[in-house]
Amino acid sequence: MKCFSAPGKALLAGGYLVLDPKYKAYVVALSTRMHSVTEGEPVAAAPNTSRIIVDSPQFLGGTWSYDFPVPFVGTLQDTSASRNPFLLSTIETILGYVEPESHATIKITIFSDPGYHSQNDAMVKESNGKRFLYHKDTISNVPKTGLGSSAGLVTVLTSGLLSYYKPELDLFSEIGLRTVHNLAQISHCAAQGKVGSGFDVAAATYGSIIYQRFDPEIINGLIKYKEEVFSSSPTEYSKKLQSVVNCKWEMIIQKCDLPPQVRILMGDVNNGSETPKLVSKVLKWRKENPEEAGNLYHDLNFYNMKLVSELLTLTQISIENPERYEADLISFVDDYSLIQLKHLIKMSGSSSNFPDSLKPLLDIIESVSSIRGGLQSLTKKTGADIEPMEQTILLDNCFALPGVLGGVVPGAGGYDAICLLCSEKAIPKILKLTAAKDAEELNHIKHELESSSIHRQQEFSNVDLDCFDPSLFKSVTWLDLHEENTGLVKEDPLHYVELLN
Ligand SMILES: Nc1ncnc2c1ncn2[C@@H]1O[C@H](COP(=O)(O)OP(=O)(O)OP(=O)(O)O)[C@@H](O)[C@H]1O
Ligand SMILES: C[C@@](O)(CCOP(=O)(O)O)CC(=O)O
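Residues numbered from 1 in each chain as written. Chains lettered and ligands numbered in written order. Predicted model: local features only at pLDDT ≥ 70, side-chain atom pairs only at ≥ 80, totals over all residues. Heavy atoms only, no water.

### Brief notes about empty space enclosed by the protein
Turning to step 1, where the next piece is worked out: Here the structure, examined in full by the defined rule, presents two cavities of 30 Å³ or more.
Turning to step 2, where the next piece is worked out: Considered as a void within the structure, the largest cavity measures approximately 110 Å³ in volume.
Turning to step 3, where the next piece is worked out: If you go around the largest cavity, you meet 15 residues; those closest to its centre are Leu12, Ala13, Gly14, Gly15 and Leu375.
Turning to step 4, where the next piece is worked out: Considering every element that reaches the lining of the largest cavity, the biggest residue donor is strand S1 (residues 2-13), with three residues.
Turning to step 5, where the next piece is worked out: Looking at side-chain class alone, the lining of the largest cavity contains 11 nonpolar, four polar and no charged residues.
Turning to step 6, where the next piece is worked out: When residues of the lining of the largest cavity are sorted by domain, at least three fall in each of domain 1 (2-255 + 486-499) and domain 2 (262-478).
Turning to step 7, where the next piece is worked out: Taken as a whole, the second largest cavity encloses approximately 40 Å³ of empty space.
Turning to step 8, where the next piece is worked out: Lining the second largest cavity are Leu12, Leu307, Val368, Gly407, Val408, Cys419, Leu420 and Leu421. (1 Å grid on protein atoms, 1.4 Å probe; cavity = no way out; pocket = protein on both sides within 12 Å on 5 of 7 lines; lining within 4 Å. Points joined across faces, edges and corners; volume = space filled by probe spheres on them. Helix = DSSP H or I, 4+ residues; strand = E, 2+ residues; numbered from the N terminus. Nonpolar A, V, L, I, M, F, W, Y, C, P; charged D, E, K, R; others polar. Domains from an automatic or database assignment.)

Right under this line is the structure:
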């Protein structure tokens, strides 16, 4: 039995730009993970028939079965009641790549962590330290949170099948991970019917990364080749697939990590994602207005990269001078809102009360504001609701909360989610303040926070909530997740055995 898991993602900086191989993006891998458990034996399931069964027991009707002859001639029979394009495409791609020479009956069980889906009416099942939610409905009817479940699914399924068919390949070697990544990108694009930027599959494989995409022509060329030769010569296609998967794609995957004690906090705002519509509006505008788009993309990229480099600076300070990091930086983030921090930092030039060392925080705050400014411009110019007014109001309100260092509408934007950068220690405060029922409760919490804060300034009350409206947060569900920068990992079968049929 071979078990793997891969993380979900949040695109903190670089939405839309990441579609173009010219620009980089910052992708945070999350603690929400997709899991696969692979059991296989080298026997036919029926005369001249191999079978791959995928079981996803957390969802109603979550069993899919695929039969194929050996040698595999390229198309899969789907004998399941419902279709799941991500499974079909992954299995077809792997079989084309490995060209199995003997029969097999393989069962892969998929488990997904709670963060990927809405948790209404779900039943909890636990097994040796893992906790999964069992839903009453089918996978297509349970609302998703948009954390990249399909990319995680394709990545762990690819790993499970490769571990069966190519046991000699160390999936965690450089070549092994590259093979998983390239196969998963090809399968994910084929299932989606388009070649996206692939940051979600890259994060599922490698974890938190600074990502610069591969040339889309790599996969477009393969799809075109398949259309031309597949029906007459599937083995020719397999050769081409192998050569594309086995070569090194020109792209950047640079592993990274949020600074210590800085966390992301994701708020699920609404269900349903409009990503394809948003993307097509942006691409149309960019095509029709190349110069204006070029300037806006240039500015957005500048601030995206500035944010990345300032986050790396914070990490560097935390390594070189942990005391300074804690006392002069993080403790200020804990106690003040970013609006107040900005004022404090600006005042530090004229008054000696505030340390100069707060400046790296100012750079982060200003980069995030400029990124939001760029996305608001993109919203106005394209007519795509990337940072719609409702989200602007919500984020502006978050910026009045102590502990929040910044925040954006992640990924493609829209109404689905907000993503805050905040101090780890301040998260309970943020949850409490956004859950306040009325002004009286808010005031009560504010006094509590003031008396427990480290920094007591004359010039500033460190909790100033005059412009904060907790009623806006009735529609926000804070997701119980954090950054976990590891990509694909091998898991212990003991975590799952009690849940297997
Ligand atoms: N646990 C699962 N079992 C089986 N199939 C799953 C599972 N999780 C996801 N899928 C497949 O992935 C599809 C959802 O993928 P989709 O790309 O629409 O959303 P996402 O990856 O969660 O979010 P986003 O692409 O917005 O980041 C489902 O309809 C289903 O086909
Ligand atoms: C708009 C885009 O750049 C980001 C989409 O991100 P998400 O799926 O909304 O997290 C599209 C893409 O990269 O595939």
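Once you've had a look at it, read on.
### Comments concerning the pairing of strand S9 (residues 209-212)
Turning to step 1, where the next piece is worked out: Covered by surrounding structure in S9 are Ile209 and Tyr211 together with Ile210 and Gln212, the residues of both alternating faces.
Turning to step 2, where the next piece is worked out: In terms of strand pairing, strand S2 (residues 25-41) meets S9 through three bridges, oriented antiparallel. Within S9, the position partnered with tyrosine 26 by the bridge is isoleucine 210.
Turning to step 3, where the next piece is worked out: With four bridges joining them, S9 and strand S10 (residues 252-255) adopt antiparallel strand pairing. Across the sheet, isoleucine 210 pairs through a bridge with glutamine 254, a residue of S10. (Buried < 20%, exposed > 50% of the residue type's maximum accessible area, 1.4 Å probe, protein only. Pairing = 2+ DSSP bridges.)

### Structural notes on the UniProt feature "domain: GHMP kinase N-terminal" (unreviewed entry) in the protein chain
Turning to step 1, where the next piece is worked out: Residues annotated by UniProt as "domain: GHMP kinase N-terminal" (unreviewed entry) correspond here to residues 137-207.
Turning to step 2, where the next piece is worked out: Between the C-alpha atoms that bound residues 137-207 there is a distance of 30 Å. The span itself is 62% helix and 0% strand. (UniProt positions renumbered as here; feature names shortened; annotations may be inferred.)

### Overview of the packing of aromatic side chains
Turning to step 1, where the next piece is worked out: This model, assessed by the stated rule, comprises 12 aromatic pairs.
Turning to step 2, where the next piece is worked out: Ring centres of phenylalanine 302 and tyrosine 303 lie 5.0 Å apart, and the angle between their planes is 90°; this geometry places the pair in the edge-to-face category.
Turning to step 3, where the next piece is worked out: Phenylalanine 302 sits in the partly exposed class, given a relative accessible area of 46%.
Turning to step 4, where the next piece is worked out: Here the aromatic residues Phe111, Phe132 and Tyr496 are joined through ring pairs into a cluster of three or more.
Turning to step 5, where the next piece is worked out: Sitting over the ring of phenylalanine 214, arginine 213 keeps its end group 4.8 Å from the ring centre. (Phe/Tyr/Trp six-rings, centres within 6.5 Å; stacked < 30°, edge-to-face > 60°. Lys NZ or Arg CZ within 6 Å of the ring centre and 35° of its normal.)

### Let's talk about the domain arrangement of the protein chain
Turning to step 1, where the next piece is worked out: Structurally, the protein chain comprises domain 1 (2-255 + 486-499) and domain 2 (262-478).
Turning to step 2, where the next piece is worked out: If you average the C-alpha positions of domain 1 and of domain 2, the two centres end up 33 Å apart.
Turning to step 3, where the next piece is worked out: Counting residues at the interface gives 21 residues for domain 1 and 25 residues for domain 2.
Turning to step 4, where the next piece is worked out: For the pair domain 1 and domain 2, the two sides together bury roughly 2000 Å², of which 73% comes from carbon and sulfur.
Turning to step 5, where the next piece is worked out: If you sort the residues of domain 1 by the area they bury against domain 2, Leu12, Tyr16 and Leu17 come out on top, with a joint share of 37%.
Turning to step 6, where the next piece is worked out: Scanning the region where domain 1 abuts domain 2 turns up one salt bridge.
Turning to step 7, where the next piece is worked out: Counting the contacts that link domain 1 with domain 2 gives three residue pairs in polar contact (both at pLDDT 80 or more). (Contact = heavy atoms within 4.5 Å. Buried area = accessible area lost by both parts, 1.4 Å probe. Salt bridge = Lys/Arg side-chain N within 4 Å of Asp/Glu carboxyl O. Polar contact = N/O pair within 3.5 Å; in protein donor to acceptor, adjacent residues only side chain to side chain.)

### Some thoughts on the environment of methionine 34
Turning to step 1, where the next piece is worked out: With respect to the helices and strands, methionine 34 occurs in strand S2.
Turning to step 2, where the next piece is worked out: When the C-alpha positions of methionine 34 and leucine 87 are compared, they lie 14 Å apart, and in sequence the two are 53 residues distant.
Turning to step 3, where the next piece is worked out: Those residues within four positions of methionine 34 in sequence are excluded, and the remaining contacts are Phe4, Ser5, Ala6, Ile110, Phe111, Ser112, Tyr116, Ser149, Gly152, Leu153 and Val156.

### Points about the layout of surface pockets
In this approach the atoms are scanned with a rolling probe the size of a water molecule, which exposes any empty space left behind.
Turning to step 1, where the next piece is worked out: Within this model, the second largest pocket holds a volume of roughly 590 Å³.
Turning to step 2, where the next piece is worked out: Along its surface, the second largest pocket is lined by 28 residues, and Thr32, Pro114, Gly115, Gln119 and Asp480 are the ones closest to its centre.
Turning to step 3, where the next piece is worked out: Broken down by element, the residue count for the lining of the second largest pocket peaks at four residues, all from S2.
Turning to step 4, where the next piece is worked out: Across the lining of the second largest pocket, the residue classes break down as five nonpolar, 15 polar and eight charged.

### Comments concerning a nonpolar patch on the surface
Turning to step 1, where the next piece is worked out: Together, Met1, Leu494 and Val497 make up a nonpolar patch on the protein surface, roughly 270 Å² of accessible area in all.
Turning to step 2, where the next piece is worked out: Relative to the helices and strands, valine 497 is located in the segment after strand S15 (489-491). (Patch = residues over 30% accessible without salt bridge, like charges linked within 9 Å, V, L, I, M, F, W, Y side chains within 5 Å. Areas by Shrake-Rupley, 256 points an atom, 1.4 Å probe, with all protein chains shown as cover.)

### Points about the pairing of strand S4 (residues 63-68)
Turning to step 1, where the next piece is worked out: Summarising burial for S4: five of the six residues are buried, a large majority.
Turning to step 2, where the next piece is worked out: Strand direction decides the pairing type here: strand S3 (residues 50-55) and S4, joined by six bridges, are antiparallel. The residue bridging aspartate 55 from the neighbouring strand is threonine 63, located in S4.

### Section: the site of ligand 2
Turning to step 1, where the next piece is worked out: With respect to spatial proximity, the complete set of residues near ligand 2 consists of Lys9, Leu11, Gly15, Tyr16, Val18, Leu19, Ser197, Phe199, Thr275, Val279, Gly411 and Ala412.
Turning to step 2, where the next piece is worked out: In this structure, lysine 9 approaches ligand 2 through a side-chain N or O atom, which is 2.7 Å from an oxygen atom.
Turning to step 3, where the next piece is worked out: Within the side chain of serine 197, a nitrogen or oxygen atom sits 2.6 Å from an oxygen atom of ligand 2.
Turning to step 4, where the next piece is worked out: For the shell around ligand 2, the elements supplying multiple residues, two or more each, are S1 and helix H7 (275-288).
Turning to step 5, where the next piece is worked out: Class assignment for the residues of the shell around ligand 2 results in seven nonpolar, four polar and one charged.
Turning to step 6, where the next piece is worked out: Each of domain 1 (2-255 + 486-499) and domain 2 (262-478) contributes no fewer than three residues to the shell around ligand 2. (Near = heavy atom within 4 Å.)

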